[in-house]
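If you want the building blocks of each chain, they are given just below.
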Amino acid sequence: CNSLGNIVLPAYLQRINELTFFSCKNLFRVVIPGAVDSIGNSAFSECYQLKKVTISNSVQIINENAFAWCRSLADITIPSTVKTIGNWAFYGCQNLTDLRISMYIKDIKEDAFNSCSNLDNIIIIELEDDNARFNTSDIKRGHRQIIRILKQVNRQRAERFAEEHGYSKFFI
């Protein structure tokens, strides 16, 4: 698979199996179509040049190590349809700086974003609209989601964010 650079998967594809694109060294862009419901274990792991991933709104599960060691990945949007993000799903994505994620993803495993040391900008999709009105519980839910992710990346940053937004350090 070393000759693969840009992949637009077929629209009828329902699942990306484990290790499908494992260690495709020159893969730089992937579009995951609307029928895919899960991304298998280590499906894109060690794709060192992978910079751009588009995940469709049909995906419900991002399994363990799915994008681990994708060192060039700088930003990603995880749609609200995702219910589970597995352990080490984005482990070692050292250049990941921007994450757009839903506050409704309930099952983010403890080490999903471990070793994403440059992850600085976490945006809650539902809170992006400046014209929308949010109630306090929505905002708190969004803050808790950010804290859950920051805690995996850098505990001190998580504590600082929590403190700035009125949460006890014990919450972390």
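Residues numbered from 1 in each chain as written. Predicted model: local features only at pLDDT ≥ 70, side-chain atom pairs only at ≥ 80, totals over all residues. Heavy atoms only, no water.

Enquirer: If you had to explain the packing of helix 1 (residues 136-153) against helix 2 (residues 155-164) to someone new, which residues and values would you point to?
Expert: Viewed as axis vectors pointing N to C, helix 1 and helix 2 meet at an angle of 155°, and their least axial separation amounts to 6 Å. With respect to each other, helix 1 and helix 2 are oriented roughly antiparallel. Counting all contacts with helix 1, which are made through His143, Ile146, Ile147, Leu150, Lys151 and Val153, the residues of helix 2 involved are Arg155, Arg157, Ala158, Phe161 and Ala162. Each residue belonging to the contact of helix 1 with helix 2 can be placed in one class, and the counts come to 7 nonpolar, 1 polar and 3 charged. (Axes fitted to C-alpha atoms, helices over the stretch in contact; angles between N-to-C directions. Helix = DSSP H or I, 4+ residues; strand = E, 2+ residues; numbered from the N terminus. Parallel < 35°, antiparallel > 145°, perpendicular 65-115°, else oblique. Contact = heavy atoms within 4.5 Å. Nonpolar A, V, L, I, M, F, W, Y, C, P; charged D, E, K, R; others polar.)

Enquirer: Which residues make up the sheet that holds strand 9 (residues 98-101), and what values go with them?
Expert: Strand order in this open sheet of 3 strands is 7-9-11, and the pairing throughout is parallel. Both outer strands of the open sheet, strand 7 (75-78) and strand 11 (121-124), are each paired with one neighbouring strand and no more. Averaged over all adjacent pairs, the angle separating strand axes in this sheet is 10°, with direction ignored. Across 4 bridges, strand 7 lies against strand 9 in parallel orientation. Within strand 9, the position partnered with isoleucine 76 by the bridge is leucine 99. Strands in contact with helix 1 are strand 9 and strand 11; relative to strand 11, the strand with the most contacts, it is inclined by about 150°. (Pairing = 2+ DSSP bridges.)

Enquirer: I'd love a proper account of the environment of arginine 100, names of residues and values included.
Expert: When you line up the elements, arginine 100 lands in strand 9. Here the alpha-carbon distance between arginine 100 and asparagine 121, two residues 21 residues apart in the chain, equals 8.3 Å. Residues within four places of arginine 100 in sequence aside, it is in contact with Ile76, Thr77, Ile78, Ile123, Ile125 and Glu128. Side-chain polar atoms of arginine 100 contact the side chain of threonine 77, separated by 3.2 Å. (Polar contact = N/O pair within 3.5 Å; in protein donor to acceptor, adjacent residues only side chain to side chain.)

Enquirer: How would you summarise the sheet that holds strand 4 (residues 38-39) if you had to cite specific residues and measurements?
Expert: Strand order in the open sheet made by the 5 strands is 2-4-6-8-10, with parallel pairing throughout. Of all the strands in the sheet, the pair left with one neighbour each is strand 2 (15-16) and strand 10 (107-108). As judged from the 2 bridges shared by strand 8 (residues 84-85) and strand 10, these two strands associate in the parallel manner. Bridge pairing in strand 10 links threonine 84 to aspartate 107.

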